[in-house]
Amino acid sequence: MLIKRREFLKISSLATASFMMPNFLKAMTLDEALEPNQKILIVLQFTGGNDGLNTIIPTKNDIYFRERNNIAIKDSLSLNDETGINPFLSYFKELFDSGELAIMNNVGYPDPDKSHFRSMDIWHSASRSDEYLETGWLGRFLDEECYRCEHPTQALEVDDMLSLALKGENNKAFAFKDPKRLYQTSQEKYFKSLYDHHHDDETVSYLYQTLGSTINNADYIFEKSKSKTTTQAYPNSQLGKDFKTVASLIKSDINTRVYYLSIGSFDTHVNQNDRQKKLFNDINEAVKSFVADMKSNGLFDNILLMTFSEFGRRVAQNASNGTDHGTANQMFFISGGLKKKGLLNALPDLQNLNEGDLIYSEDFRKVYATILKNWLKADTSKVLGWKNGVYDFV
């Protein structure tokens, strides 16, 4: 059977998310659920370089207000005598007060890169700034788990494309935006007719095999996503819908330990405060609904929500009431199972800058190592090559 270009592109669109991972997809048909009290990691990526200084605010720092005379946040919600949080993250303030939020300040890496693409690759792969890796830190976690576990550890990304962070050498996560849409597409007569097709060309044949695996598992994912209905109301934003999808899967018996979400863009060169306000409001309301859902189902102690962005912004504002690409940033950790809460370390030193940029104090790979070792119970030396210790907040 000959494939027309339009038909090939249509097949590719359905199979893109899983194109390099048929073995992983086959594993998803296993009925074994997560073990009781299994820890689950959710990564929320702030795409575009969120401005950390207008997220966690140094309320008593004169340098901050002098360098940001138009965009400084003056009505922050107090976390302590010298620190506030952006008012549009009001629920994060509630989590802070209740001991369910930890904040790691000034996270980065040596010789930072200010390119969106390169810096995101570094964060995804956990590489050095002069090192180029083709696998991600969570993808390598999947590789490691598959070698020592009875069944492959699974990961899902709520997106149309799979991020580098979730691509391993032998195992990769599965990306989809909406379980129902994935299922409906897979049931189209045209796609199902290709299921048993074979082709002499190795690449095309491989694509057919991947498509067949996707069709086999689309029903499984869709059924799991709707098996546990929720009475929790979620906002109608895209992030709200994504968190609702994750919540429905967590409450089912799908065997998934890692979920990956993203929101953006935080590339706020112009009129930063308006853009950040909108994004923070979406995040605030989605996380509020999700945490309430997890608590009502007795799951919150075993959930860890972690946020990151590829870089922060420069200390001084620009002429367009925005900020340009910078370096270090903070990370949020939300869970009912934190061992340490609140501000985990000091705010960035605004008196000690590198040509107007923050100088990082915490290596993001140490944060990853902490999550891998203490939360996911993985071997950090094998996944990251990291042997420099970990933190103790989880």
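These lines cover the structure that appears in this document, whether it is placed above or below. Nothing here was measured: the structure is a model prediction, and the numbers come from that model.

## Here we look at helix 12 (residues 364-375)
Along its 12 residues, helix 12 runs 16 Å from first to last C-alpha, staying within 8% of the 16 Å computed at 1.5 Å per residue. Counting buried residues along helix 12, 10 of its 12 residues qualify, which places the element largely inside the surrounding structure. Following helix 12 by one or two positions, Lys 377 adopts a phi angle in the positive range, close to 60°.

## Some points on the environment of Ser 381
Within the fold, Ser 381 resides in helix 13 (residues 380-383). Along the backbone, Ser 381 and Ala 369 are 12 residues apart, and their C-alpha atoms lie at a distance of 8.5 Å. Setting aside anything within four residues of it in sequence, one finds Ser 381 in contact with Trp 386 and Lys 387. Polar side-chain contacts of Ser 381 include one of 2.5 Å to the side chain of Asp 379.

## Topic: the pairing of strand 9 (residues 303-309)
Burial within strand 9 is extensive, with 7 of its 7 residues counted as buried. The side-chain alternation of strand 9 yields two buried faces, one formed by Ile 303, Leu 305, Thr 307 and Ser 309 and the other by Leu 304, Met 306 and Phe 308. In this structure, strand 1 (residues 40-46) lies alongside strand 9, joined through 7 bridges in parallel fashion. Each residue of the ladder has a partner; that of Leu 44, found in strand 9, is Thr 307. When strand 9 meets strand 10 (residues 329-334), the two strands line up antiparallel, connected through 2 bridges. Directly across from Met 306, in strand 10, lies its bridge partner Phe 333.

## A short note on the pattern of salt bridges
By the definition in use, this model includes 14 salt bridges. The salt bridge partner of Arg 128 is Glu 131, with a shortest N-O separation of 3.7 Å. Residue Glu 131 is classed as partly exposed on the basis of its relative accessible area, which comes to 22%. With its nearest N and O atoms 3.2 Å apart, the salt bridge here joins Asp 357 to Arg 314. Linking Asp 357 in strand 13 (residues 357-358) with Arg 314 in the loop between strand 9 and strand 10, this pair joins segments that are 43 residues apart in sequence. Using a relative accessible area of 5% as the deciding quantity, one classes Asp 357 as buried. Ionic contacts of the salt-bridge type, sharing partners, join the residues Lys 114, Arg 314 and Asp 357 into one network.

## Thoughts on the packing of helix 10 (residues 238-251) against helix 11 (residues 272-296)
Running from N to C, helix 10 and helix 11 cross one another at 15°; their axes reach a closest spacing of 9 Å. Considering the angle they form, helix 10 stands roughly parallel to helix 11. Handedness of the crossing formed by helix 10 with helix 11: right-handed. Residues Leu 239, Gly 240, Phe 243, Val 246, Ala 247, Ile 250 and Lys 251 of helix 10 lie in contact with helix 11, whose contacting residues are Asp 282, Ile 283, Ala 286, Val 287, Phe 290, Asp 293 and Met 294.

## Remarks on unusual backbone geometry
The omega angle of the peptide bond from Gly 264 to Ser 265 is 5°, so this bond is cis rather than trans. Phi is positive for Asn 271, which is not a glycine, with a value near 45°. Mapped onto the fold, Asn 271 is located in the loop between strand 8 (258-263) and helix 11. Asn 271 gets classed as partly exposed once you look at its relative accessible area, which sits at 43%. Here Lys 377, not a glycine, exhibits a phi torsion of approximately 60°, which is positive. As for its placement among the helices and strands, Lys 377 is situated in the loop between helix 12 and helix 13. When its relative accessible area of 56% is taken as the criterion, Lys 377 is described as exposed.

## Some thoughts on the side chain of Asp 51
Secondary-structure assignment places Asp 51 in the loop between strand 1 and strand 2 (56-58). Within the structure, the side chain of Asp 51 is placed 2.6 Å from the side chain of Gln 272, a separation counted as a polar contact. Not counting residues up to four positions away in its chain, the partners in contact with Asp 51 are Arg 68, Gln 272, Gln 276, Arg 313 and Thr 323.

## Things to note about the sheet that holds strand 4 (residues 83-85)
Reading across the sheet, the 3 strands line up as 2-4-3 and stay open at both edges, with antiparallel pairing between neighbours. Either end of the sheet is taken by a strand with one partner, and the two such strands are strand 2 and strand 3 (77-80). Taking the axes of each pair of neighbouring strands and ignoring which way they run, one obtains an average angle of 35° across the sheet. For strand 3 and strand 4, the ladder comprises 3 bridges, and the chain directions are antiparallel. Within the sheet, the bridge partner assigned to Asn 80 lies in strand 4 and is Thr 83.

The rules behind the values
- Residues numbered from 1 in each chain as written.
- Predicted model: local features only at pLDDT ≥ 70, side-chain atom pairs only at ≥ 80, totals over all residues.
- Heavy atoms only, no water.
- Helix = DSSP H or I, 4+ residues; strand = E, 2+ residues; numbered from the N terminus.
- Expected span 1.5 Å × (residues − 1).
- Buried < 20%, exposed > 50% of the residue type's maximum accessible area, 1.4 Å probe, protein only.
- Contact = heavy atoms within 4.5 Å.
- Polar contact = N/O pair within 3.5 Å; in protein donor to acceptor, adjacent residues only side chain to side chain.
- Pairing = 2+ DSSP bridges.
- Salt bridge = Lys/Arg side-chain N within 4 Å of Asp/Glu carboxyl O.
- Axes fitted to C-alpha atoms, helices over the stretch in contact; angles between N-to-C directions.
- Parallel < 35°, antiparallel > 145°, perpendicular 65-115°, else oblique.
- Left-handed = near helix turned anticlockwise from the far one by under 90°.

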